[in-house]
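A closer look at the structure
Listed here are the chains, written in short residue letters.
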2 protein chains.
Amino acid sequence: MSPIKKVNKVTACAHPLAHQKAADTLKQNAPKEEELYDLADLFKAFADSSRIKILWALSASEFCVCDLADALGMTQSAVSHQLRLLKQSRLIKSRREGQSIIYSLADEHVKKVFSLGLEHVREI
Amino acid sequence: MSPIKKVNKVTACAHPLAHQKAADTLKQNAPKEEELYDLADLFKAFADSSRIKILWALSASEFCVCDLADALGMTQSAVSHQLRLLKQSRLIKSRREGQSIIYSLADEHVKKVFSLGLEHVREI
DNA sequence: CAAATATATGAATATATGTTCATATATTAT
DNA sequence: ATAATATATGAACATATATTCATATATTTG
């Protein structure tokens, strides 16, 4: 199923589709429905200040859970819950080291998104 | 106030901060608290599939509200509400053209974030 | 000016989500 | 094996947010 509906108009405005060509092109080049949801999910991972802080910390160095909690002023539980979400989003990875679990960024992509966003925020 | 708390440990783990140097560096290079919230807000704008669809459409062409609603299979009201959020986030701009309001991307930054995200999603 | 069309918006509702609390699991030290 | 430490997780709660419905505002047309 395409994320973009048939161009046949059924709902709102009465005027002919003002940008018919664009709408058609849109329909053809449509990313798959699933990709759009994945994309939204990716950005959801960045869409919370606690997770932003965690990602920012991990972009500087790997950390164990309790050090993250200490450094960021969060409870161990809250950090752990957020780390789980970030891991599910494939943005971070972890390894065990004795009693601790060390978390780090999964790849450089995170840094790219992060710095691009920061650049945008700073330039407004 | 720094987003990163004093390194003096008060809460969780008993071991000395495993990555003391990193934590200190972290503390010094800390983006401002406000920047982190702005950053989270920026990504919040991308963190919903309806808005993703709208942004994706606008990255192809400008559109009026009802054409967006038709093309994306959303109600006029839902689209309008989301457009307001996107405009508040400075991601899109609008101009009046007769009875219609034409929306378009505010700048190229949106496309960058969008394509970077899509690239990431596709490469996993 | 009145009717039609396009868009915006407040209120209500349903759902999603972040944090806390209590507790479970896993590893290390004694 | 037992205690101590580090991390994970389920349940509950509070808050945020996406959509719908009804309606208001703005522009054009007759």
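Structure: above.
Described below are features of the structure shown in this document.

With that out of the way, let us pick up the protein's contact with DNA strand C. The full set close to DNA strand C counts 28 residues, and Ser50(A), Ser77(A), Gln82(A), Ser77(B) and Tyr103(B) are the nearest of them. Sugar plus phosphate: this is where 68% of the atoms of DNA strand C within 4 Å of the protein reside. Between DNA strand C and the protein, one listed contact pairs a base oxygen with a side-chain N or O atom of Ser77(B) at 2.8 Å. At 2.8 Å from a base oxygen of DNA strand C is found a side-chain nitrogen or oxygen belonging to Gln99(B).

We now examine the state of the cysteines. Disulfides are covalent bonds that link the sulfur atoms of two cysteine residues. Residues and elements named next belong to chain A. According to the stated counting rule, one finds zero disulfides over all chains in the structure shown. Cys-66 provides the cysteine sulfur closest to Cys-64, a residue in no disulfide bond, and the two sulfurs are 3.8 Å apart. What makes Cys-64 buried here is its relative accessible area of 2%.

Moving on: helix α3 (residues 49-60) of chain A. Residue and element names in this part refer to chain A. Taking 1.5 Å of rise per residue, twelve residues should cover 16 Å, and α3 covers 17 Å from first to last C-alpha, within 8% of that figure. In terms of burial, α3 is largely enclosed, as nine of its twelve residues are buried. Taken together, the buried positions of α3 are occupied by Ser-49, Arg-51, Ile-52, Lys-53, Ile-54, Leu-55, Trp-56, Ala-57 and Leu-58. Two or three places before Ser-50, at the opening of α3, Asp-48 has a side-chain oxygen 3.0 Å from that residue's backbone nitrogen.

Among the 28 residues in the neighbourhood of DNA strand D, the closest are listed as Ser77(A), Tyr103(A), Ser50(B), Ser77(B) and Gln82(B). Atoms of DNA strand D within 4 Å of the protein: sugar and phosphate make up 68%, bases the balance. Between DNA strand D and the protein, one listed contact pairs a phosphate oxygen with a backbone N or O atom of Val65(A) at 3.2 Å. Between DNA strand D and Ser50(B), the relevant distance is 2.6 Å, taken from a phosphate oxygen to a side-chain nitrogen or oxygen of the residue.

What follows concerns the sheet that holds strand β3 (residues 100-105) of chain A. The pairing of strands in a sheet comes from backbone hydrogen bonds and takes either a parallel or an antiparallel form. All names here are of chain A. Pairing is antiparallel across the open sheet formed by three strands, whose spatial order is β1-β3-β2. The sheet is open, and its two edges are formed by β1 (63-64) and β2 (92-97), each paired on a single side. Pairing of β2 with β3, which is carried by six bridges, proceeds in the antiparallel orientation. If you follow Lys-93 over to β3, its bridge partner there is Ser-104. The sheet strands contacting helix α5 (residues 76-88) are β2 and β3, and the helix crosses β2 at an angle near 120 degrees.

Below, the discussion takes up the environment of Lys53(A). Residues and elements named next belong to chain A. With respect to the helices and strands, Lys-53 occurs in helix α3. Residue class for Lys-53 comes out buried when judged on its relative accessible area of 10%. Sequence separation of Lys-53 and Ala-71 is 18 residues, and the distance between their C-alpha atoms is 9.8 Å.

This next bit is on helix α2 (residues 33-46) of chain A. Between its first and last C-alpha, α2(A) extends 21 Å over 14 residues, near the 20 Å set by a 1.5 Å rise per residue. The set of residues buried in α2(A) consists of Glu35(A), Leu36(A), Leu39(A), Ala40(A), Leu42(A), Phe43(A), Ala45(A) and Phe46(A). Lining the buried residues of α2(A) we find α3, α5 and α6 (108-123) of chain A together with α2 (33-46), α3 (49-60) and α6 (108-123) of chain B.

Residue and element names in this part refer to chain B. Within the open sheet, the three strands sit side by side as β1-β3-β2. Their pairing is antiparallel. This sheet does not close on itself; its edge strands, each paired only once, are β1 (63-64) and β2 (92-97). Its contacts with the sheet put α3 on β1, β2 and β3 (100-105), and the angle it makes with β3 is roughly 90 degrees.

Once that is clear, we can look at the pattern of salt bridges. As enumerated under the stated definition, the model contains ten salt bridges over all chains in all. Here Lys53(A) ties to Glu33(B) by a salt bridge, and the two come within 3.4 Å at their closest N and O atoms. Of this pair, Lys53(A) sits in helix α3 while Glu33(B) sits in helix α2, each in a different chain. Given a relative accessible area of 24%, Glu33(B) falls into the partly exposed group.

Next up on the list: the packing of α2(A) against α6(B). Closest axis-to-axis distance for the α2(A)/α6(B) pair is 9 Å, and the angle between their directions is 110 degrees. Classified by the angle between their axes, α2(A) and α6(B) sit roughly perpendicular to one another. Residue-level inspection shows Glu35(A), Asp38(A), Leu39(A), Leu42(A) and Phe43(A) of α2(A) in contact with α6(B), the latter providing Val113(B), Phe114(B), Gly117(B), Leu118(B), His120(B), Val121(B) and Arg122(B). Tallied by class, residues from the contact of α2(A) with α6(B) come to seven nonpolar, two polar and three charged.

How each quantity is defined
- Residues numbered from 1 in each chain as written.
- Chains lettered and ligands numbered in written order.
- Predicted model: local features only at pLDDT ≥ 70, side-chain atom pairs only at ≥ 80, totals over all residues.
- Heavy atoms only, no water.
- Near = heavy atom within 4 Å.
- Polar contact = N/O pair within 3.5 Å; in protein donor to acceptor, adjacent residues only side chain to side chain.
- Disulfide = S-S within 2.5 Å.
- Buried < 20%, exposed > 50% of the residue type's maximum accessible area, 1.4 Å probe, protein only.
- Helix = DSSP H or I, 4+ residues; strand = E, 2+ residues; numbered from the N terminus.
- Expected span 1.5 Å × (residues − 1).
- Pairing = 2+ DSSP bridges.
- Contact = heavy atoms within 4.5 Å.
- Axes fitted to C-alpha atoms, helices over the stretch in contact; angles between N-to-C directions.
- Salt bridge = Lys/Arg side-chain N within 4 Å of Asp/Glu carboxyl O.
- Parallel < 35°, antiparallel > 145°, perpendicular 65-115°, else oblique.
- Nonpolar A, V, L, I, M, F, W, Y, C, P; charged D, E, K, R; others polar.

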